[in-house]
Amino acid sequence: MLSKKDLTDIANKIRNVPNFPKEGINFKDITPVLSDIEIFRKAVKQMAAPFMNSNIHIVVGIESRGFIFGVPIADCLNCGFVPVRKPGKLPCDTESVSYELEYGKDSLEIHKDAIEEGQNILIVDDLLATGGTAEATCKLISKSKGNIVGFTVMIELEFLLGREKLNQYNVHSLVKY
Ligand code: AMP
């Protein structure tokens, strides 16, 4: 279990950067968490904790900060890691899903052979905001016939209601704003 002190220690390392990358966005900078190995380890352990007995076969990390947390979480869960990437980055055959952004569209890709039918999947990212990225990732995994067990993030911006888009999954976050 995450003690109150652990949670405060992690929260204190998240740096708020107003108006980045554009006016009106309060960017949550996680780099101070990464440069403190004890705090980073605590965050990783607590992001993995609810899924230790869920028989996860694959951790899917969302580019790019989902990779940083995803690989050590896969190590904790003793399973493999699969990247979900921005278009044009993966070298072999891919599945692709487009999704709406505040302005315009984006898409995400996964290797077609990365997930076997029925494998239990945990999705990892650094932060849940509107849930659009996570929802697109869920669609990709469903195309691959994976069984999504849950979604884990370090930070949740609760006021953006991302959780509502993921209501059929077990969504776990450590620090909530
Ligand atoms: P969303 O699709 O709106 O849930 O956005 C989640 C993705 O955008 C994650 O991959 C985050 O890394 C990034 N993101 C969104 N809002 C912020 C923010 N305020 N600070 C840092 N990263 C953010």
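Everything quoted here is computed from the prediction, not taken from an experiment. (Residues numbered from 1 in each chain as written. Predicted model: local features only at pLDDT ≥ 70, side-chain atom pairs only at ≥ 80, totals over all residues. Heavy atoms only, no water.)

Trainee: Any chance you could explain the pairing of strand β8 (residues 147-156) here in plain terms?
Mentor: Two faces belong to every sheet, and in a regular strand the side chains alternate between them. The element β8 is extensively covered by neighbouring structure, given that eight of its 10 residues are classed as buried. Here strand β7 (residues 120-128) pairs with β8 via eight bridges, running parallel. Within the sheet, the bridge partner assigned to N120 lies in β8 and is N147. Each parallel crossover has a hand, and for β7 linked through helix α5 (residues 132-143) to β8 it is right-handed. Inspection of the sheet shows β8 paired to strand β9 (residues 170-176) by six bridges, in the parallel sense. Among the inter-strand pairings, F151 is bridged to a residue of β9, identified as V171. (Buried < 20%, exposed > 50% of the residue type's maximum accessible area, 1.4 Å probe, protein only. Helix = DSSP H or I, 4+ residues; strand = E, 2+ residues; numbered from the N terminus. Pairing = 2+ DSSP bridges. Right-handed = clockwise from strand over helix to strand, strands pointing away.)

Trainee: Just to check I follow, could you spell out the nonpolar core for this structure?
Mentor: One recurring pattern in soluble globular proteins: nonpolar side chains tend to sit buried together. Counting 27 residues, the largest nonpolar core has I10, V59, F69, I73, L77, L122 and M154 as its most contacted members. Elements with a minimum of two residues in this core: α3 (37-48), α4 (65-76), β7, β8 and β9. Counting residues per element, this core draws most heavily on α3, at six residues. Among all residues touching V59, those that are not within four sequence positions of it are G70, I73, A74, L77, C79, G80, F81, V82, L122 and V124. (Core = buried A, V, L, I, M, F, W, Y, C linked by side-chain atoms within 4.5 Å. Contact = heavy atoms within 4.5 Å.)

Trainee: Honestly, the layout of surface pockets in this entry has me stumped. Any pointers?
Mentor: Sizing a probe to match a water molecule and rolling it over the atoms shows the empty space that remains. Looking at the largest pocket, its volume works out to about 1200 Å³. Lining of the largest pocket is provided by 35 residues; of these, L101, L127, A129, T130 and T133 occupy positions nearest its centre. Among the elements that make up the lining of the largest pocket, the one with the highest residue count is β7 (four residues). (1 Å grid on protein atoms, 1.4 Å probe; cavity = no way out; pocket = protein on both sides within 12 Å on 5 of 7 lines; lining within 4 Å. Points joined across faces, edges and corners; volume = space filled by probe spheres on them.)

Trainee: Please explain the pattern of salt bridges as it appears in this structure.
Mentor: Opposite charge on two side chains allows them to pair when their charged atoms are near. The full count for this structure, using the stated rule, is 10 salt bridges. K143 is the salt-bridge partner of E95, the closest N and O atoms lying 3.9 Å from each other. Pair noted here: E95 is in strand β5 (residues 94-100) and K143 is in helix α5, with a separation of 48 residues, a long-range link. We classify K143 as partly exposed; its relative accessible area is 43%. E156 is paired through a salt bridge with R163; the nearest N and O atoms lie 2.9 Å apart. The class of R163 is partly exposed, set by a relative accessible area of 33%. (Salt bridge = Lys/Arg side-chain N within 4 Å of Asp/Glu carboxyl O.)

Trainee: I'm lost on the packing of aromatic side chains in this one. Help?
Mentor: Two aromatic rings are characterised by how far apart their centres lie and by the angle between their planes. Under the counting rule described, the total for this entry stands at three aromatic pairs. Consider the rings of F20 and F27, whose centres lie 5.1 Å apart with planes at 80 degrees: the pair is edge-to-face. Plain terms: the ring middles of F67 and F81 are 6.0 Å apart, the flat faces sit at 85 degrees to each other, and that makes the pair edge-to-face. Of the two residues, F67 sits in helix α4 while F81 sits in strand β4 (residues 80-84), which places them 14 residues apart along the sequence. Judged by relative accessible area, which is 22%, F67 ranks as partly exposed. Judged by its relative accessible area of 26%, F81 is partly exposed. Residue placement shows K28 over the ring face of Y177; its charged tip is 3.9 Å from the ring centre. (Phe/Tyr/Trp six-rings, centres within 6.5 Å; stacked < 30°, edge-to-face > 60°. Lys NZ or Arg CZ within 6 Å of the ring centre and 35° of its normal.)

Geometric values such as these leave the question of function open.
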